[in-house]
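Spelled out from the first residue to the last, the chains are:
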Amino acid sequence: MQPFDLYLPTHTVFGKGRIEELGKLVAGRGSRVLITYGGGSVVKSGLLADVKKQLAGLEVFEFGGIEPNPKIGTLRKAIELCRKEKIDFMVAVGGGSVIDGTKCIAAGVYYEGDAWDLMYDSSKIGRTVPFFAVLTLAATGSDYDNSGVISNPETNEKLFLAAPNLFPIASILDPTYTFTVPAWHTAAGASDILSHTFEQYFVAEGNEFSDSMCEGMIRTVMKYTPVALKEPENYEARAELMLASSFGCCGLLSIGRTPSPWPCHGIEHEISAWTDITHGAGLAVITPHWMRWSLNEKTAPRFAQYGERIFGLAHNDDPMVTASAAIDRTAEFFRSIGMPAKLSEMGVTAEHFGDMADHVLAHWFPLDGAFRPLDREGILAILNASL
C-alpha cells in the first residue's frame, strides 16, 4: 500500500431539479457573477435561463463560445472581461471543456502575465476567482477535480494547469441535462471515463481496495454506455455515467497505488493539439494500442486480472493468453459504442508524430514511471500502430 494524499473540497449536489439550489449555494460570494458556457445548447434547452433565474438580484454577465478543447485565445477574452467588470465569482454551465476553460479564467484573472504561462508552470497560480459548475456532459470529471486542459492552436500545444484552489466550490449534477447529448459525445465521454480509470488501474502496484473501485468503475461504464446510447433519456444509465465521470478523475481511484504518469492522455493530448479531434475518441483508439505495446511478462498478470474480473475470462496458467484476450475485448467494446479503431478514421496522419513524441517527453509527466516505461521509440510505436 503506497502513501497518498486525497483532498476533495467540492460540494457535489446530485439529482434531478437540484438547479433550484444554486441561489442558496452562491449566497455570500459577491454580487457580480459571470456565467461561462460553450455553444447554444444550454440556451436552446432553457438551462441558461434556469441558471440566470437562480442568480436573480445579482449583476449577471455572460461569456459564451468556449470551445471543445478550449482555446487560450478565447479564454484571454474572458479574463479581460472579468477584470473589467470586477467579477466576484463565476458559474460554469457545460461539460468538461467549459469547466476546464473556467479554471483557466479563474487562475488568469489575478495573474499579471499571460495566462498561457500557467500551463508551463502551475506554481505561478496564486489568487483565483471562485466558481461553481453545472454539469451537462459525463466525461472529464472536471466538476470534481482541480485541473484543466487548455489548447493553444498557435503553438500546437495542449497542456494542463492545476492548483489546490481550482476545485469548484460546488457542482450541480443533474442527469437529465445529459439526455440530449448526441451518441458520439456520449460514447466519447464514456471512453474518457474508462481511460481515466485505466490510467490509474494499470500500475506496478495496486491494492485490493482501489483495484475494486477501479473495476467497479469499468463495469459500470461498460454496462450503462450501451443503455444510454439506445435509450438517451434513461435516467439510471445517465446517472451512473455522470457519477462515474465525477468520481473517476478526482484521485479516489489512485489511493494507495503506484503513481501513474497517465501515458495515454499524454499521447492523445498531442494528437488533439495538432488536429483538434474529440479527446475521448482519440483515447478510444490509443488505449488498446498502448495496452498491446505495454503487454509483456511483467505486466501480463494485471492485464489478466482485468480480463478475469471485467470480462469474466477463464483463468489460464499463462497470463499472457488471458491478457491478450482482455485487450482484444477492450478494443471490441470501444468499437461497439461507435468509437473509431484507427486515428486515420478521424483524418489524422503521421506527419507530426515525431513532433508529438518530442513534445510529450518534454512537457508531460516522466514516462519512465509508466506501467511499461515509455521512451520516444515507444511513443512512436504506439502512434504508428494507432494510425
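Above this text sits the structure in question.
Please read all numbers here as calculations on a predicted model, not as lab measurements.

**Digging into the packing of aromatic side chains**
Scanning the model with the defined rule gives 19 aromatic pairs in all. On the basis of an interplanar angle of 80 degrees and a centroid distance of 5.3 Å, the ring pair of F202 and Y306 is categorised as edge-to-face. Of the two residues, F202 is situated in the loop between helix 7 (183–201) and helix 8 (208–230) and Y306 in helix 12 (residues 300–310); the sequence distance between them amounts to 104 residues. Assigned by exposure class, F202 and Y306 land together as buried. One cation-aromatic arrangement involves R127 over Y110; the distance from NZ or CZ to the ring centre is 3.9 Å. Sitting above the plane of the Y201 ring, R302 keeps its charged end 5.0 Å from the centroid.

**Some words on the pattern of salt bridges**
On inspection of all chains with the given rule, the structure shows 15 salt bridges. In this structure, the salt-bridge partner of R257 is D211, at a minimum N-O distance of 2.7 Å. Taken together, the positions of R257 in the loop between helix 9 (235–248) and helix 10 (263–275) and D211 in helix 8 put the pair 46 residues apart, joining distant regions of the chain. Residues joined in a network through salt bridges with shared partners are R32, E59 and E85.

**Details of the side chain of N207**
Tracing the backbone shows N207 in the loop between helix 7 and helix 8. Of the polar contacts made by the side chain of N207, one reaches the backbone oxygen of G256; its length is 3.1 Å. Setting aside residues up to four positions removed in sequence, N207 forms contacts with M1, I255, G256 and R257.

**What to know about the sheet that holds strand 4 (residues 89–94)**
Reading across from one edge, 1-8-5-4-2-3 is the order of the six strands in this open sheet, with parallel pairing throughout. Strands at the two margins of the open sheet, each flanked by one partner only, are strand 1 (11–14) and strand 3 (59–63). Ignoring which end each strand starts from, the neighbouring axes of this sheet average 20 degrees apart. Pairing of strand 2 (residues 32–37) with strand 3, which is carried by five bridges, proceeds in the parallel orientation. Paired with I35 across the bridge in strand 3 is E62. Sitting on the sheet, helix 4 (residues 72–85) is in contact with strand 2, strand 3 and strand 4, with an inclination near 165 degrees to strand 3. Those strands touched by helix 9 are strand 1, strand 5 (131–135) and strand 8 (170–173), and its axis lies near 170 degrees from that of strand 1.

**So, the environment of E59**
Along the polypeptide, E59 turns up in strand 3. Classification of E59 as partly exposed rests on a relative accessible area of 41%. It is 53 Å that separates the C-alpha atoms of E59 and S294, two residues lying 235 residues apart in sequence. When neighbours within four sequence positions are excluded, E59 is seen to be in contact with S31, R32 and V33.

**Considerations on the packing of helix 7 against helix 9**
Packed helices, taken two at a time, are described by their axes: the angle between them and the distance between them. Following both chains from N to C, one finds helix 7 and helix 9 inclined at 40 degrees, their axes separated by 10 Å at the closest point. Comparing the axis directions of helix 7 and helix 9 gives the class oblique. In this structure, helix 7 meets helix 9 at a crossing whose hand is left-handed. Along its contact with helix 7, which presents T186, I193, H196 and Q200, the element helix 9 presents R238, L241, A244, S245 and G248. Residue composition of the contact of helix 7 with helix 9, grouped by class: three nonpolar, five polar and one charged.

**Things to note about the pairing of strand 8**
Here strand 8 shows a buried face lined by A170 and I172 and a second buried face lined by S171 and L173. Alignment of strand 1 against strand 8, held across four bridges, turns out to be parallel. Its bridge partner lying in strand 8, H11 is registered against A170. Sheet analysis places strand 5 next to strand 8, joined by three bridges and oriented parallel. Bridge pairing in strand 8 links V134 to I172.

**Digging into empty space enclosed by the protein**
Within the structure shown, the criterion is met by two cavities of 30 Å³ or more. Estimates place the volume of the largest cavity at around 60 Å³. If you list the elements that add at least two residues to the lining of the largest cavity, you get helix 7 and helix 9. Approximately 30 Å³ is the volume attributed to the second largest cavity. Along the walls of the second largest cavity sit K158, G266, H269, E270, H359, V360, H363 and W364, which together make up its complete lining. For the lining of the second largest cavity, the secondary-structure elements that each account for two or more residues are helix 10 and helix 14 (353–363). Residues belonging to the lining of the second largest cavity are distributed by class as follows: two nonpolar, four polar and two charged.

Calculation notes
Residues numbered from 1 in each chain as written. Predicted model: local features only at pLDDT ≥ 70, side-chain atom pairs only at ≥ 80, totals over all residues. Heavy atoms only, no water. Phe/Tyr/Trp six-rings, centres within 6.5 Å; stacked < 30°, edge-to-face > 60°. Helix = DSSP H or I, 4+ residues; strand = E, 2+ residues; numbered from the N terminus. Buried < 20%, exposed > 50% of the residue type's maximum accessible area, 1.4 Å probe, protein only. Lys NZ or Arg CZ within 6 Å of the ring centre and 35° of its normal. Salt bridge = Lys/Arg side-chain N within 4 Å of Asp/Glu carboxyl O. Polar contact = N/O pair within 3.5 Å; in protein donor to acceptor, adjacent residues only side chain to side chain. Contact = heavy atoms within 4.5 Å. Pairing = 2+ DSSP bridges. Axes fitted to C-alpha atoms, helices over the stretch in contact; angles between N-to-C directions. Parallel < 35°, antiparallel > 145°, perpendicular 65-115°, else oblique. Left-handed = near helix turned anticlockwise from the far one by under 90°. Nonpolar A, V, L, I, M, F, W, Y, C, P; charged D, E, K, R; others polar. 1 Å grid on protein atoms, 1.4 Å probe; cavity = no way out; pocket = protein on both sides within 12 Å on 5 of 7 lines; lining within 4 Å. Points joined across faces, edges and corners; volume = space filled by probe spheres on them.

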